[in-house]
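Residue-level structural notes
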Amino acid sequence: TDLDGFARSVLTTAIGYGHSSILADYPKAEGVMSRADEREMMMAPYLCQVKPKQVLGRRHDPQVKGGTLQQVRLQEYGYLPRGRYGVEARSQVRVIEPGSYELWQAPDVQTNPEGGGYRMIDSGTISVDYIPLSTVYSKKISMLHSMPPLLDVAYLNSEHCKLQSQLMHALH
């Protein structure tokens, strides 16, 4: 996605839901020893939009470090090969804490129909001592908590439609 499309998506989500977040991520660097190796492998940081419904939970202490996040849990999907041609989308939870992350995957419902718990499939460290998540708010209430700024307009529109429908019904 180009930067204009990314910014448009973040803005429309922030207006529709009250906020939208941006996670700065970096590919897993296996076998990389130096910056020259990173350049040769064309590794670079990238931005991911995190929609409000993807945030499963957060730990935030206003007394620690000026109110920064201590932990955030994000819903995402991993795509795994299924058979020769198929692809299966499996629910995953990314737990990010300052300096580290864990990736937990939901059980396979076909091989494990009774369910069971999530299992950790990856973990590691990140090169910064904070959670690289930045949030754009349109009507902030608290950390990762907001109200849609046009909610009153939506309620007004719904009431107008209801009254218009009752009027049309009464005229018939």
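Residues numbered from 1 in each chain as written. Predicted model: local features only at pLDDT ≥ 70, side-chain atom pairs only at ≥ 80, totals over all residues. Heavy atoms only, no water.

Digging into the overall build of the chain
For clarity, the cut-off: Secondary structure is summarised from DSSP: a helix means a run of H or I of at least four residues, a strand means a run of E of at least two, and numbering begins at the N terminus for each. The globule rule used for comparison is 2.2 Å times the number of residues to the exponent 0.38, while the radius of gyration itself is calculated over C-alpha atoms. Think of it in three bands: residues with accessible area under 20% of the maximum for their type are buried, residues over 50% are exposed, and the middle band is partly exposed, with areas taken using a 1.4 Å probe on protein chains only. Any two residues having at least one pair of non-hydrogen atoms within 4.5 Å are treated as being in contact. Every accessible area reported is derived by Shrake-Rupley at a probe size of 1.4 Å, with residue values counting cover from the shown protein chains alone. Under the counting rule used here, the positive set is Lys and Arg, the negative set is Asp and Glu, and His together with the chain ends is not counted. Think of each charge as sitting on NZ of Lys, CZ of Arg, CG of Asp or CD of Glu.
Counting its secondary structure elements, the chain contains 3 helices and 10 strands. At 21 Å, the chain has a C-alpha radius of gyration far larger than the 16 Å of a compact globule built from 172 residues. C-alpha atoms of the chain, sized along the principal axes, occupy 75 × 45 × 35 Å. Per-residue burial over the chain gives 28% buried out of 172 residues. Sequence-distant contacts in the chain: of pairs separated by 6 or more residues, those separated by 24 or more amount to 47%. As presented, the chain carries roughly 12100 Å² of accessible surface, and 56% of it is formed by carbon and sulfur atoms. Positive and negative side-chain charges of the chain, numbering 18 and 18 respectively, have mean locations separated by a distance of 5 Å.

Examining helix H1 (residues 3–17)
Put simply, the rule reads: Expected helix span is given by 1.5 Å per residue-to-residue step, counting one fewer step than there are residues. Throughout, the arc means that of the directions going from the helix axis to the C-beta atoms.
Its 15 residues place the ends of H1 21 Å apart at the C-alpha level, agreeing with the 21 Å of an ideal helix rising 1.5 Å per residue. Turning to H1, its buried residues are Gly5, Phe6, Val10, Thr13 and Ala14. End-on view of H1: buried residues confined to an arc of 170°, all on one side of the axis. Opposite the buried face of H1, by more than 90 degrees, sit the exposed residues Asp4 and Arg8. Along its buried surface, H1 packs onto strand S1 (19–25), strand S2 (46–50) and strand S8 (133–137). Positive phi shows up at glycine 18, right after H1, with a value of about 110°.

Here's the deal with the pairing of strand S4 (residues 69–82)
Put simply, the rule is: Whether two strands pair comes down to DSSP finding at least two bridges between them.
Relative to S4, strand S3 (residues 55–60) runs antiparallel, the two sharing 5 bridges. Across the sheet, arginine 59 pairs through a bridge with glutamine 71, a residue of S4. Note that S4 and strand S5 (residues 86–97) share 11 bridges and pair antiparallel. Residue pairing for S5: glutamate 76 is matched across the bridge by glutamine 92. Between S4 and S5, which pair antiparallel and follow one another directly, the connecting turn spans 3 residues, one of which, glycine 83, has a positive phi of 70°.

Re a nonpolar patch on the surface
The condition that has to hold: Every patch collects residues that have over 30% relative accessible area and no salt bridge, joining them within 9 Å if they carry like charges and within 5 Å if they are nonpolar side chains (Val, Leu, Ile, Met, Phe, Trp, Tyr). Salt bridge, as used here, is a side-chain nitrogen of Lys or Arg placed within 4 Å of a carboxyl oxygen of Asp or Glu.
There is a patch of nonpolar side chains on the surface, built from Leu11, Ile15, Leu150 and Val153 and spanning about 360 Å² of accessible area. Here isoleucine 15 lies in helix H1. Isoleucine 15 sits in the partly exposed class, given a relative accessible area of 36%.

Points about the side chain of glutamate 88
For clarity, the threshold we go by: Polar contact is defined as a pair of N or O atoms within 3.5 Å, subject to the rule that within protein one atom must be able to donate a hydrogen and the other to accept it, and that residues adjacent in sequence are counted only when both atoms are side-chain atoms.
Examined against the element boundaries, glutamate 88 turns out to sit in strand S5. Classification of glutamate 88 as buried rests on a relative accessible area of 16%. A polar side-chain atom of glutamate 88 sits 3.1 Å from a polar atom in the side chain of arginine 82. Glutamate 88 has contacts with Gly78, Tyr79, Leu80, Arg82 and Asp108, leaving out every residue within four places of it along the chain.

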